[in-house]
Amino acid sequence: LQYLINTIVSKGGNKPPAFGLDIEGYRRRREEMLVDLAREIAQEVRETGDVITLEPMPANERRIVHIALREENGVRTESVGAGDQRQVEVLPE
């Protein structure tokens with residue numbers, strides 16, 4: 001649906017705005033869940049010193065995790081893998 005809306009609007013000409021749909025707050029809830037998960041994983045990495053690899057996820061969700069942990073002390077993140085199997089690794093610093 002979002003793709004269709006943006007395709008229709010883009011027919012209008014010069015730099016139309018891009019629309020994002022958040023039906024019943026799904027995106028907001030998913031982002032909050034990813035941030036909470038990232039912080040829990042960061043704490044576990046700090047405690048154990050292990051590298052933890054998250055499930056494969058799309059680029060926009062990986063970005064949320066990277067941003068959430070950018071300011072966290074003692075951990076860093078990397079994306080690994082290729083294509084739709086790309087994952088975020090949380091590593092100790």
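Above: the structure in question.
Residues numbered from 1 in each chain as written. Predicted model: local features only at pLDDT ≥ 70, side-chain atom pairs only at ≥ 80, totals over all residues. Heavy atoms only, no water.

Asks: Requested: an account of the pairing of strand β2 (residues 75–80), with residues and values cited.
Replies: Relative to strand β3 (residues 87–92), β2 runs antiparallel, the two sharing six bridges. When the bridges of β3 are listed, Val75 appears paired with Pro92. Counting the residues in the hairpin turn of β2 and β3 gives six residues, including Gly81, whose phi is positive at 95°. (Pairing = 2+ DSSP bridges. Helix = DSSP H or I, 4+ residues; strand = E, 2+ residues; numbered from the N terminus.)

Asks: So, the pairing of β3: which residues are in play, and what are the values?
Replies: Pairing of strand β1 (residues 52–53) with β3 involves two bridges; the strand directions are antiparallel. Looking across to β3, one finds that Thr53 is bridged to Glu89.

Asks: Describe in detail helix α2 (residues 26–48), supporting the description with residues and values.
Replies: Residues lying three or four places apart along an α-helix face the same way, a consequence of the helix completing one turn every 3.6 residues. End to end, α2 covers 32 Å across 23 residues, agreeing with the expected 33 Å (1.5 Å per residue, within 8%). Regarding α2, the residues found buried are Arg30, Leu34, Val35, Ala38, Ile41, Ala42 and Val45. Here the buried face of α2 lies against β1, α3 (59–69), β2 and β3. A positive phi of about 80° marks Gly49, the residue just after α2. (Expected span 1.5 Å × (residues − 1). Buried < 20%, exposed > 50% of the residue type's maximum accessible area, 1.4 Å probe, protein only. Contact = heavy atoms within 4.5 Å.)

Asks: Explain the sheet that holds β3 to me, using residue names and the numbers behind them.
Replies: The strand order β1-β3-β2 describes an open sheet built from three strands, whose pairing is antiparallel. Because the sheet does not close on itself, it has two edges, and the strands there are β1 and β2. Together, β1, β2 and β3 form the strand contacts of α2, whose direction differs from that of β3 by roughly 40°. (Axes fitted to C-alpha atoms, helices over the stretch in contact; angles between N-to-C directions.)

Asks: Account for the pattern of salt bridges, naming residues and giving values.
Replies: As enumerated under the stated definition, the model contains five salt bridges in all. Between Glu32 and Arg28 there is a salt bridge whose closest N-O contact spans 3.5 Å. Taken together, the residues Glu32 and Arg28, both in helix α2 and four residues apart, mark about one turn of the helix. The exposure class assigned to Glu32 is partly exposed, which follows from its relative accessible area of 42%. (Salt bridge = Lys/Arg side-chain N within 4 Å of Asp/Glu carboxyl O.)

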